[in-house]
Amino acid sequence: MTHPVDTGALLARSYALPYGPRVRLRLARRSDLPAIRALLERRGVPASELSLDRLVRYDPRRRVVMCASALVGGTETIVGIGAIDLADGADPDTLVIDERLTGGLGELLGAALVRRAQTHARHAA
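All figures in this text were calculated on a predicted structure; none of them were measured in a lab. (Residues numbered from 1 in each chain as written. Predicted model: local features only at pLDDT ≥ 70, side-chain atom pairs only at ≥ 80, totals over all residues. Heavy atoms only, no water.)

K.L.:
In this structure, what is going on with the overall build of the chain? I would like to understand it.
P.N.:
Helices and strands together make up the secondary structure of the chain, namely three helices and five strands. Ordered by position in the sequence, the α and β elements of the chain form the string β-β-α-α-β-β-β-α. Each of the 125 residues in the chain was classed as buried or not, and the buried ones make up 40%. Carbon together with sulfur atoms contributes 54% to the accessible area of the chain, which is approximately 6,900 Å² in total. (Helix = DSSP H or I, 4+ residues; strand = E, 2+ residues; numbered from the N terminus. Buried < 20%, exposed > 50% of the residue type's maximum accessible area, 1.4 Å probe, protein only. Areas by Shrake-Rupley, 256 points an atom, 1.4 Å probe, with all protein chains shown as cover.)

And the structure:
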């Protein structure tokens, strides 16, 4: 399933997935650290404190890190995180999704990251 991704309006919209709750994409921030840690633990992805810190402390001129959040049990929950270097921008180098809660989120988040990198490359040229 292909999702239209408007990276210019990330904060302004939510996306319906084939199954699971609607998700909202946004840039990751330091306050997301506990929720990102919880996502990685749920998915069995080992992560050091240093690697977690690098996910939320990035130079937005060189790298984009996006979170996908959804209401799960009445609580806003990070259900995906992805990152891409803007210099190469071919593919995300980090993509962790809670597939048990969301269907199609990997494709949506991956496409949003690639699109953001492509937009950056056009503006930098």
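Resuming the write-up.
K.L.:
Please clarify how the nonpolar core should be interpreted in this entry.
P.N.:
For soluble globular proteins, the rule of thumb is that nonpolar side chains tend to be buried together. Membership of the largest hydrophobic core comes to 19 residues, with the highest contact counts inside it found for Val-23, Leu-25, Leu-105, Leu-108 and Leu-109. When contributions to this core are tallied by element, the ones reaching two or more residues are strand 2 (23-27), strand 3 (63-72), strand 4 (75-85) and helix 3 (105-124). If you tally residues by element for this core, the top one is helix 3, at seven residues. (Core = buried A, V, L, I, M, F, W, Y, C linked by side-chain atoms within 4.5 Å.)

K.L.:
Can you help me understand the packing of helix 1 (residues 33-42) against helix 2 (residues 49-56) in this one?
P.N.:
Helix-helix packing is characterised by the crossing angle of the two axes and by the distance between the axes. Contact geometry of helix 1 with helix 2 gives a least axis separation of 10 Å together with a crossing angle of 125 degrees. Between helix 1 and helix 2, the interaxial angle falls into the category oblique. Crossing angle aside, the handedness with which helix 1 passes helix 2 is right-handed. Contacts from Leu-33, Ile-36, Arg-37 and Leu-40 in helix 1 reach Glu-49, Leu-52, Asp-53, Leu-55 and Val-56 in helix 2. When its residues are assigned to classes, the contact of helix 1 with helix 2 shows six nonpolar, no polar and three charged. (Axes fitted to C-alpha atoms, helices over the stretch in contact; angles between N-to-C directions. Parallel < 35°, antiparallel > 145°, perpendicular 65-115°, else oblique. Left-handed = near helix turned anticlockwise from the far one by under 90°. Contact = heavy atoms within 4.5 Å. Nonpolar A, V, L, I, M, F, W, Y, C, P; charged D, E, K, R; others polar.)

K.L.:
Looking at this structure, I do not really get the environment of Ala-124. What am I missing?
P.N.:
Its location among the elements puts Ala-124 in helix 3. Since its relative accessible area comes to 59%, Ala-124 is described here as exposed. Spatially, the C-alpha atoms of Ala-124 and Ala-87 are 9.9 Å apart, while their sequence positions differ by 37 residues.

K.L.:
Help me out: how do you make sense of the sheet that holds strand 3 in this one?
P.N.:
The pairing of strands in a sheet happens through backbone hydrogen bonds and is either parallel or antiparallel. Read across the sheet, five strands follow the order 1-2-3-4-5 without closing on themselves; strand pairing throughout is antiparallel. Across the chains shown, the open sheet's two edge strands, defined by having one partner strand only, are strand 1 (14-15) and strand 5 (94-97). Set on the sheet, helix 1 makes contact with strand 3, strand 4 and strand 5; between it and strand 4 the angle comes to about 85 degrees. (Pairing = 2+ DSSP bridges.)

K.L.:
Before we go on, may I ask you to explain the side chain of Thr-102 in this structure?
P.N.:
Here Thr-102 is to be found in the loop between strand 5 and helix 3. Ignoring any residue separated from it by four or fewer positions in sequence, one finds Thr-102 in contact with Leu-17, Tyr-19, Pro-21, Val-23, Val-79 and Ile-97.

These figures come from the coordinates and say nothing about function on their own.
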